[in-house]
Amino acid sequence: MIEIKNVSLWYDKNHQVLNDISETIQRGQTVVICGPSGSGKSSLLRCINGLEYFQKGDIIVNGVSVQDPDTNIHQLRSNIGMVFQHFELYPHMTAMENITLAPLRVRKKSKNEAEKKAMEILERVGIPEQALKYPAELSGGQKQRVAIARALAMEPKIMLFDEPTSALDPEMIKEVLDVMIDLAGEGMTMVVVTHEMGFAREVAHEIIFMDKGRMIEKGSGHDFFNHPKNERTRQFLSRILI
Amino acid sequence: MGFLNYTFDWSVLWRHPYGNMFIKGVVTTIHLSLLAWMIAVIVGIAIGIFRVLPIRSFRFAGSFYVQIFRNTPFLVQLFFWYFAAPLLLPEPAQEWLYDNVPNYAYWAGVAALGTYTASRVAEHFRSGLLAIPHDQYRAAYSTGLTTMQTYRYVIAPYAFRIIIPPFTTEFLTCFKNSSLAMTIGVMEVTHTAYYVDSFTSHGLETTTAASLVYLCIALCVALFMSFVEKRIYIPGMIARGQ
């Protein structure tokens, strides 16, 4: 479903962010990417939906090459949901308007249809009563669930999560992770940048460890945690698993 | 004749021919400020966009403009537009100007006030744009919105709310700065006050009237803008006027 082939990315001549990354993600799989800050995790995620231009390699999503000039990038992105560390809800719109904007403007749905669908999704993420509130009136966990609902409203085939719980209070992390665990259970294809190792252990089909733009190690949850092969991975795990 | 012997005669404000002079003065102040403000907003927004473009020459041109206009006294700029600018034109153009534009001072005032205020508007606009996080754009793009849609539905309404308070201040400053146009002979309300004083020796009344005109118009604008701010108020965005 997602094929990443030898992708390299430079921010400028002397600053290489991704170094020859290759990875194949099957339909329905959940892949977790972890690693220290500056290792290129978020950049890799952004390459998948064409938010970042990479100079070398190719990424094929659903048989379509992301950087092919003939690709309709907007259409491609509309089938890939994305969730951000700082939620990035549109502050001048209510939760409902945040969720229905793209279905109305991109999918050209009717207002009724879009709002009905939005309510269904809000119920699924557990906050239908917050529909008419503005982002500033919601807690962090609620904001992130609205952000997930906004992505789901486009009925994406793939969901990308960029550190979705890093900006949350500890008590709110669970409510967001629960939604993500449900999604994984329903067979959504997900790529998740996170340091929530409990989540990785529970749902990840594969865990990737990145450092300095390289993919250092990848493996199933069990292998990754119990028999990490690389010294750098062991060092990283010993620091975050206390 | 000491101050104690001064007899107030407020009728100089409406007596023929001074009443008409005051009305003309007030009207000149208003359209001079409004024309200058229109130039300031159009040029200012363009320069503000130049300053955030990823093209170096545009950024250079933008900051060159801002540094020149912001870091020289407005009075000097006014003299430049009135005395020096015409000399920079080829001779036939100069002659045409002197023959056909009897109120050149007025247009020099509009140009000076407009271009000067533009440099300040540009800075506010730029900081408004920069206040919007990168991921906010990415969030909009990730749902499949086009660049135009992203700016129209997400970025513009967001930036608009950030820049309203500083734009209100700039407009009021622009309006009050228009009084300096009297130094090049524009018959706006301050100049009118001095002019009527020279005939009547009732400068106390005339300058009081001119001050009240500025005060009233500025208060009306401020009130109107705080009404606008309340109308578009959204929790957690701009601070609401009391």
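See the structure printed just above.
The sections below set out a description of the structure shown in this document.

With respect to the packing of helix α7 (residues 147-177) of chain B against helix α9 (residues 203-231) of chain B
All names here are of chain B.
Move 1: For the pair α7 and α9, interaxial distance at closest approach is 11 Å and the crossing angle is 165°. The orientation of α7 with respect to α9, classified from their angle, is roughly antiparallel. α9 is crossed by α7, and the crossing has right-handed handedness. Here I164, P165, T168, F171, L172, F175 and K176 of α7 lie close against α9, whose contacting residues are Y214, I217, A218, V221, A222, M225, V228 and E229.
Move 2: Tallied by class, residues from the contact of α7 with α9 come to 12 nonpolar, 1 polar and 2 charged.

Side note on the sheet that holds strand β1 (residues 2-12) of chain A
All names here are of chain A.
Move 1: Spatial strand order, β2-β1-β4-β5: 4 strands in an open sheet with antiparallel pairing. Strands with a single pairing partner mark the edges of an open sheet, and in this sheet they are β2 (15-25) and β5 (64-65).
Move 2: Here helix α1 (residues 41-48) sits on the sheet in contact with β1, β2 and β4 (56-61), set at roughly 120° to β1.

Quick notes on helix α9 (residues 231-240) of chain A
Residue and element names in this part refer to chain A.
Move 1: By the burial criterion, the buried members of α9 are T233, F236 and L237. Summarising the axial view, the buried residues of α9 lie within an arc of 95°, below the 170-degree limit, and thus occupy one face. Residues of α9 that are exposed and point over 90 degrees away from its buried face: E231, S238 and R239.
Move 2: Looking at the buried residues of α9, the elements they touch are β3 (30-34), β9 (206-211), β10 (214-219) and α8 (221-226).
Move 3: Of the residues that open α9, the one with a side-chain oxygen 2.7 Å from the backbone nitrogen of R232 is N230.

Structural notes on the sheet that holds strand β7 (residues 158-162) of chain A
All names here are of chain A.
Move 1: Read from one edge of the open sheet, 6 strands run β6-β7-β8-β3-β9-β10, paired in mixed fashion. For this open sheet the edge positions go to β6 (80-83) and β10, each flanked by a neighbour on one side alone. Adjacent strand axes in the sheet meet at a mean angle of 15° when their direction is disregarded.
Move 2: Summarising the sheet, β6 and β7 pair through 4 bridges and their orientation is parallel. Within the sheet, the bridge partner assigned to I80 lies in β7 and is I158.
Move 3: In the packing of helix α6 (residues 170-185) onto the sheet, the strands contacted are β3, β7 and β8 (189-193), and the crossing angle to β8 comes to about 145°.

Some details on the environment of B:I49
Move 1: By the element assignment, B:I49 lies in helix α1 (residues 18-50).
Move 2: B:I49 gets classed as partly exposed once you look at its relative accessible area, which sits at 35%.

Observations concerning the packing of α1(B) against helix α8 (residues 189-200) of chain B
All names here are of chain B.
Move 1: Running from N to C, α1 and α8 point in directions that differ by 160°, and their axes come no closer than 8 Å. In terms of axis orientation, α1 runs roughly antiparallel to α8. α1 and α8 meet at a crossing whose hand is right-handed. Two secondary-structure elements touch here, α1 through Y18, M21, F22, G25, V26 and T29 and α8 through V189, T192, A193, Y195, V196, F199 and T200.
Move 2: In terms of residue class, the contact of α1 with α8 is made up of 9 nonpolar, 4 polar and no charged.

Describing the pairing of β9(A)
Residue and element names in this part refer to chain A.
Move 1: Counting buried positions along β9 gives 6 out of 6 residues, so the element sits mostly inside the fold.
Move 2: On β9, burial covers both faces: E206, I208 and M210 on one face and I207, F209 and D211 on the other are all buried.
Move 3: With 4 bridges connecting them, β3 and β9 associate as parallel partners. Looking at the pairing, V32 lines up with I207 of β9.
Move 4: Note: β9 against β10, 5 bridges, orientation antiparallel. Paired with I208 across the strands is K218, a residue of β10.

Calculation rules
- Residues numbered from 1 in each chain as written.
- Chains lettered and ligands numbered in written order.
- Predicted model: local features only at pLDDT ≥ 70, side-chain atom pairs only at ≥ 80, totals over all residues.
- Heavy atoms only, no water.
- Axes fitted to C-alpha atoms, helices over the stretch in contact; angles between N-to-C directions.
- Helix = DSSP H or I, 4+ residues; strand = E, 2+ residues; numbered from the N terminus.
- Parallel < 35°, antiparallel > 145°, perpendicular 65-115°, else oblique.
- Left-handed = near helix turned anticlockwise from the far one by under 90°.
- Contact = heavy atoms within 4.5 Å.
- Nonpolar A, V, L, I, M, F, W, Y, C, P; charged D, E, K, R; others polar.
- Pairing = 2+ DSSP bridges.
- Buried < 20%, exposed > 50% of the residue type's maximum accessible area, 1.4 Å probe, protein only.
- Arc of directions from axis to C-beta.
- Polar contact = N/O pair within 3.5 Å; in protein donor to acceptor, adjacent residues only side chain to side chain.

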